[in-house]
Amino acid sequence: MTSSTTSTSSTSGTAPTAADRRRWLALAIVMTAAFMDLVDVTIVNIAIPSIERDLSASFGAIQWITAGYALAFAAGLITGGRLGDIYGRKRLFLLGMAGFTLASALCGFAAGPEMLVASRLLQGAMAAMMVPQVLAIIHVTFPAHERGKVFGMFGAIVGLGAVSGPLLGALLTQWNLFGLEWRPIFLINLPVGVAGLILGRKFITESRADRAMRLDLVGVALVTLGLLMLIYPLTRGRELGWPLWGHVCMVASLAVFGAFVAYEKHKTRKDGSPLVELSLFRVKSFAAGIAVQLTFGVVMGIFFLVWTLYMQMGLGWSPLKAGLTGVPFSIAVSAAAGMSVQKLVPRFGRKVLQAGALTMIAGVLLYIWAAGRYGTGIEPWQMAAPLIVMGAGMGLIVAPLTDAVLSDVPREHAGSASGLINTTGQMGTALGLGLVSVVFFGVIDEERLVPAGVGAAFADAFRGSLWWVVAVLVVIFAVMFALPGRPKQHVEGAAVAEGAAVGEPEPTLTW
């Protein structure tokens, strides 16, 4: 690899100088890609009735259209992150974006449900190649003193993406552009993807791990198998009636993950190129942050699905009305995210994240009261206050959390760490979606349900589900005590260079 010595900034992962304004254009490009992925996770749900009618899709096919993306995405995230460390994060990002754009086109022009399912699987796999590079590129592109602000912006994008998907899907489906019905929800990715490819080639700086690594194929096989054994039964369990083999698979996945950890330790001793750098979990802030990410994913998995079902099936609202109801939430997330990183975290540290958890709890409790007080006659403006409080709490958490998790991570493991962050979030969401079958549908007796009682039954189930959300948020609040109490400036630059010169590992960075 003689060419790697020609440009330090292009391959070693050294951050560009603060004067390099191109990094902000690079940030806009990778943020757009992250937003595109977040929207695609939720945009399909709103358009399901239209897809079902147009393609004569069976219920099983509909399940795969929604779940196939999540499965392929979650299963490939860790591998995608490590591939970026080895072969170059810019290269993998552009390759993933090209594949994602192509898969979006195939989804948009799908001739039948089978083609749409296959295209969604491909789309998820390409997203798994693209998304881990986003945080890794940010981590190696921006100097330490700027990362907090940048990760705050990333947190705002996460909040916007969470609620923009249903709204955008509702608008595109209702407008029926050119008579295409649901297809524009996928085709809208084409101009965005092409622009991202052109601009990304010009403005994103290449980076990879400082020392040569090889892809751990056995690790890839084990982690993919373990994730599929855990997430597939959770995704399909309710539809299939929670069969015994599903429970066996989920329990057996723990053994597969155990074998994966054992092999990764062996791989580290053998050649120092494991798929997952297990030493990261010895860093307290990383391990605690990953735990928060997992449990927060459970909250998101439960809330957003039951919220959509409550509004559209319980209250009988149109997709557009339901989508617009989420606007106050989105605005609150963005406002709180920017304030938390720039003003609050530097002064109060971990207490900001814990305040976010308590604020979300207050918002959920207010929502429980409002849903009970107004019943099935509730209107969007009566949901605004709970959603604003919940959104503010979420913004206080998601913006500084990413910085807390990644701040201690050495540059050469940025891709792998980013893949772990995204994977644990996806696993948490899958667990939350699985719990919906218990906490929401388990309350509704579908056999005895009469049309006149649908609204009341869904409203009761919604309030019951929100109590579960409160319980998980309490757990999140407790886990946050393991995060560092006070933020400190990242340690890098001369100290890193000095350590490398004498053959020492990079110093631990502290958030």
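Residues numbered from 1 in each chain as written. Predicted model: local features only at pLDDT ≥ 70, side-chain atom pairs only at ≥ 80, totals over all residues. Heavy atoms only, no water.

Caption draft 1: Summary view of the packing of aromatic side chains. One pass over the structure, following the stated rule, counts 14 aromatic pairs. Plain terms: the ring middles of Phe303 and Phe304 are 5.4 Å apart, the flat faces sit at 70 degrees to each other, and that makes the pair edge-to-face. Its relative accessible area of 1% is what places Phe303 among the buried residues. Overall, the relative accessible area of 15% leaves Phe304 in the buried class. With a centroid separation of 5.5 Å and an interplanar angle of 80 degrees, the aromatic rings of Phe477 and Phe481 are classed as edge-to-face. Note on Phe477: relative accessible area 23%, which makes it partly exposed. The structure contains a cluster of three or more aromatic residues connected by ring pairs, namely Phe303, Phe304, Trp307, Tyr310, Phe329, Tyr367 and Phe462. (Phe/Tyr/Trp six-rings, centres within 6.5 Å; stacked < 30°, edge-to-face > 60°. Buried < 20%, exposed > 50% of the residue type's maximum accessible area, 1.4 Å probe, protein only.)

Caption draft 2: View of the pattern of salt bridges. Using the criterion set out here, one finds 7 salt bridges in the structure. We note a salt bridge from Arg82 to Asp85, for which the minimum N-O separation is 2.9 Å. Here Arg82 pairs with Asp85, and both are found in helix 3 (residues 59-87), just 3 residues apart, close to one helical turn. Comparing Arg82 with Asp85, the two get one shared label, buried. A salt bridge links Asp460 to Arg463; the nearest nitrogen and oxygen atoms lie 2.6 Å apart. In this pair, Asp460 and Arg463 are both assigned in helix 17 (residues 454-479), 3 residues apart and thus about one turn of the helix distant. Judged by relative accessible area, which is 41%, Asp460 ranks as partly exposed. Assessed through its relative accessible area of 22%, Arg463 is described here as partly exposed. Put simply, Arg82, Asp85, Arg89 and Glu277 are held in one network by salt bridges that share partners. (Salt bridge = Lys/Arg side-chain N within 4 Å of Asp/Glu carboxyl O. Helix = DSSP H or I, 4+ residues; strand = E, 2+ residues; numbered from the N terminus.)

Caption draft 3: Seen up close, the side chain of Lys267. By secondary structure assignment, the location of Lys267 is in helix 10 (residues 244-271). Residue Lys267 is classed as buried on the basis of its relative accessible area of 9%. Setting aside anything within four residues of it in sequence, one finds Lys267 in contact with Asp216, Gly272, Ser273 and Pro274. (Contact = heavy atoms within 4.5 Å.)

Caption draft 4: Region of interest: the nonpolar core. The biggest cluster of nonpolar side chains holds 115 residues, and the ones touching the most others in it are Phe93, Trp307, Tyr310, Tyr367, Met383 and Phe440. At 16 residues, helix 11 (residues 284-314) tops the list of elements feeding residues into this core. Formed by 19 residues, the second largest nonpolar core is a distinct cluster that contains Ala47, Ile51, Ala57 and Ala61. (Core = buried A, V, L, I, M, F, W, Y, C linked by side-chain atoms within 4.5 Å.)

Caption draft 5: Main features of the environment of Thr424. Tracing the chain through its elements places Thr424 in helix 16 (residues 414-439). Judged by relative accessible area, Thr424 falls into the buried class, the value being 11%. It is 8.5 Å that separates the C-alpha atoms of Thr424 and Ala74, two residues lying 350 residues apart in sequence. Those residues in contact with Thr424 that lie beyond four places of it in its chain are Ile290, Gln293 and Leu294.

Caption draft 6: Fine view of the environment of His139. Counting through the fold element by element, His139 comes out in helix 5 (residues 113-141). In this structure His139 comes out as buried when scored by relative accessible area, which is 1%. Measuring from C-alpha to C-alpha, the distance between His139 and Leu406 comes to 7.8 Å, with 267 residues separating the pair along the chain.

Caption draft 7: View of a nonpolar patch on the surface. Taken together, the side chains of Leu102, Leu106, Met115 and Leu122 present a nonpolar region at the surface, about 300 Å² in accessible area. For the nonpolar patch, the secondary structure elements donating two or more residues are helix 4 (89-108) and helix 5. Residue placement: Leu102 occurs in helix 4. Leu102 sits in the exposed class, given a relative accessible area of 51%. (Patch = residues over 30% accessible without salt bridge, like charges linked within 9 Å, V, L, I, M, F, W, Y side chains within 5 Å. Areas by Shrake-Rupley, 256 points an atom, 1.4 Å probe, with all protein chains shown as cover.)

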